[in-house]
Amino acid sequence: MRENEIKILQKTVQVSNDYHNIYELRFLKDNPRVYSCIYDEPDFKDLPEAVQQEKIFEKLQAEPSVKNLVREIERHGGLMERILVRLDTMQVIEGNSRLAVYRILHEKTKKEDWELIPCDIVQKLSDEQQIAYLNQIHVKGKTEWSAYEKANFAYARKAQEFSIPKIAELFGESQGTIRTRIRVVEMMQDNNDAARSHFSYYDVLVRNHSSDMSQHPDLKDALLERIRSLGSNEEEDLDFTAQELRKKLPSIVKNPRVLKKYIEGSLSLDNAYQRAKISNVQERIREAKAILEGIEKKNVKKLHKNDLNAFRQDVRKLEREVGRIVRMTNEAN
């Protein structure tokens, strides 16, 4: 057994190297990769600890990153980098996916080689040290968490009654950034949406369109419903991307007529954007043109004599209006 040390929050923590049985170790529920898998699981917190651990393993097995890791670790015949275990809780602070892989390979092969996993071991950590370590490794380090995982990590700390200034201090980031990440997760939860692929949409709404939605409550409801109904599989073709939402929504909001139709659902995001880009005058002309194109000869023939005379008068008035607009257009040149 070899020993070394690491520095966390100005304190020296002794680290030893050893092997542990994979079934004696516990997945860390607060690890963002784990947390993002199970936080939407119904009544998860009420389950016995052993059942929670089985649920986590089940969820991790389905993760694409874990499936890819199985192939890599099996190809090399083991780990290139040890997992980090906190001995006072027997939790895997860093390396939950690797622990899942070892369990998968042991169940698959029944070989004893996969029953013991190489570990870096610390006797104990304070909660603050644990958070700071994970932040350094995954927020600023070599295996960076996704924005979704960072946000869930911050949200979980708030749920543990850490203050915003304290979370910001541990993350080494601004309080504004932490507040924004937490608001995104809160919006997803309020909308009963746990799809990881939807995170970027909510992030756009919180960062770019909070004022728009406060001024237009119906817009907020419409957007949340449409985002929730998007495909939850990250490989699916979505109706629009988060980047498109960020780009196109401001133009739509500036045009009340188009905004109303978008909220009602009669226009898609792209169609609403194309309409909103043109001026109000252009839009009215195009709407008039579309209406007139719908009138056919058979419709006119069906008119009774009195209705036909009134129709002729309206057409003459329309001709005069068109002539007036043509003259204005020519003068504009």
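Everything quoted here is computed from the prediction, not taken from an experiment.

What counts and what doesn't
Residues numbered from 1 in each chain as written. Predicted model: local features only at pLDDT ≥ 70, side-chain atom pairs only at ≥ 80, totals over all residues. Heavy atoms only, no water. Helix = DSSP H or I, 4+ residues; strand = E, 2+ residues; numbered from the N terminus. Rg over C-alpha atoms; globule rule 2.2 N^0.38 Å. Buried < 20%, exposed > 50% of the residue type's maximum accessible area, 1.4 Å probe, protein only. Contact = heavy atoms within 4.5 Å. Areas by Shrake-Rupley, 256 points an atom, 1.4 Å probe, with all protein chains shown as cover. Lys, Arg positive; Asp, Glu negative; His and termini not counted. Charge placed at Lys NZ, Arg CZ, Asp CG, Glu CD. Patch = residues over 30% accessible without salt bridge, like charges linked within 9 Å, V, L, I, M, F, W, Y side chains within 5 Å. Salt bridge = Lys/Arg side-chain N within 4 Å of Asp/Glu carboxyl O. Arc of directions from axis to C-beta. Polar contact = N/O pair within 3.5 Å; in protein donor to acceptor, adjacent residues only side chain to side chain. Core = buried A, V, L, I, M, F, W, Y, C linked by side-chain atoms within 4.5 Å. Phe/Tyr/Trp six-rings, centres within 6.5 Å; stacked < 30°, edge-to-face > 60°. Axes fitted to C-alpha atoms, helices over the stretch in contact; angles between N-to-C directions. Parallel < 35°, antiparallel > 145°, perpendicular 65-115°, else oblique. Nonpolar A, V, L, I, M, F, W, Y, C, P; charged D, E, K, R; others polar.

1. A few points about the overall build of the protein chain
Okay, so step 1: Along the backbone of the protein chain there are 17 helices and 6 strands.
Okay, so step 2: Here the C-alpha atoms of the protein chain give a radius of gyration of 30 Å, more than 25% beyond the 20 Å that 2.2 N^0.38 yields for 333 residues.
Okay, so step 3: With respect to the principal axes defined by its C-alpha atoms, the protein chain has extents near 100 × 45 × 40 Å.
Okay, so step 4: A buried classification covers 40% of the 333 residues belonging to the protein chain.
Okay, so step 5: Within the protein chain, counting contacts between residues at least 6 apart in sequence, those at least 24 apart form 64% of the total.
Okay, so step 6: About 19700 Å² of surface is accessible on the protein chain, with carbon and sulfur atoms providing 47% of the total.
Okay, so step 7: A distance of 9 Å separates the average location of the 57 positive side-chain charges in the protein chain from that of its 55 negative side-chain charges.

2. A short note on a positive patch on the surface
Okay, so step 1: On the surface, a cluster of positive charge is contributed by Arg312, Arg316, Lys317 and Arg320.
Okay, so step 2: Inspection of the secondary structure assignment puts Arg320 in helix 17 (residues 305-332).

3. Focus on helix 7 (residues 164-171)
Okay, so step 1: Of all the residues in helix 7, the buried ones are Ile164, Ile167, Ala168, Leu170 and Phe171. Projected down its long axis, helix 7 shows its buried positions confined to an angular sector of 165°, all on one face.
Okay, so step 2: Two to three positions downstream of the cap, the backbone nitrogen of Lys166 sits 3.1 Å from a side-chain oxygen, assigning the N-cap of helix 7 to Ser163.
Okay, so step 3: Just beyond helix 7, the residue with positive phi is Gly172, at close to 70°.

4. Some remarks on the nonpolar core
Okay, so step 1: Ile178, Leu205, Leu223, Leu245, Ile252 and Tyr262 are the most contacted members of the largest nonpolar core, which has 59 residues in total.
Okay, so step 2: In this structure, Leu205 is in contact with Met187, Ser210, Met213, Leu223, Leu224, Ile227 and Leu245, ignoring residues within four places of it in sequence.

5. Notes on the pattern of salt bridges
Okay, so step 1: In this structure the tally under the stated criterion is 19 salt bridges.
Okay, so step 2: When the shortest N-O distance is used, the salt bridge between Glu49 and Lys29 registers 2.8 Å. Pair noted here: Glu49 is in helix 2 (residues 49-61) and Lys29 is in the loop between strand 3 (26-27) and helix 1 (32-38), with a separation of 20 residues, a long-range link.
Okay, so step 3: In this structure, Arg196 engages Glu149 in a salt bridge whose closest nitrogen and oxygen atoms are separated by 3.9 Å. A residue pair is termed long-range when its members are at least 10 positions apart, and Arg196 in the loop between helix 8 (175-190) and helix 9 (199-208) and Glu149 in helix 6 (residues 147-159) qualify at 47 residues.
Okay, so step 4: Connected through salt bridges with shared partners, the residues Arg26, Lys29 and Glu49 form a single ionic network.

6. Structural notes on unusual backbone geometry
Okay, so step 1: Residue Met90 is not a glycine yet carries a positive backbone phi of 60°.
Okay, so step 2: Structurally, the position occupied by Met90 is in the loop between strand 4 (83-86) and strand 5 (91-94).
Okay, so step 3: Of note in this structure, Lys110 is not a glycine but carries a positive phi near 65°.
Okay, so step 4: Mapped onto the elements of the fold, Lys110 is located in the loop between helix 4 (96-109) and strand 6 (116-122).

7. Let's talk about the packing of aromatic side chains
Okay, so step 1: Scanning the entire structure with this criterion turns up 4 aromatic pairs.
Okay, so step 2: Both rings, one in Tyr102 and one in Trp114, keep their centres 5.1 Å apart while their planes meet at 80°; by these two values the pair is edge-to-face. Remark: Trp114 occurs in the loop between helix 4 and strand 6 and Tyr102 occurs in helix 4; sequence separation between them is 12 residues.
Okay, so step 3: With a relative accessible area of 7%, Trp114 lands in the buried category.
Okay, so step 4: With 5.7 Å between their ring centres and 80° between their planes, Tyr201 and Phe240 make a pair best called edge-to-face. With Tyr201 in helix 9 and Phe240 in the loop between helix 11 (217-229) and helix 12 (242-253), the pair connects residues that are 39 residues apart, well separated along the chain.

8. Section: the packing of helix 6 against helix 8
Okay, so step 1: At a minimum axis distance of 8 Å, the contact between helix 6 and helix 8 shows a crossing angle of 90°. One way to sum up the angle between helix 6 and helix 8 is to call them roughly perpendicular. Facing Tyr148, Lys150, Ala151, Asn152, Ala154, Tyr155 and Lys158 of helix 6, the residues of helix 8 in contact are Ile178, Arg181, Ile182, Val185, Glu186, Met188 and Gln189.
Okay, so step 2: In terms of residue class, the contact of helix 6 with helix 8 is built from 8 nonpolar, 2 polar and 4 charged.

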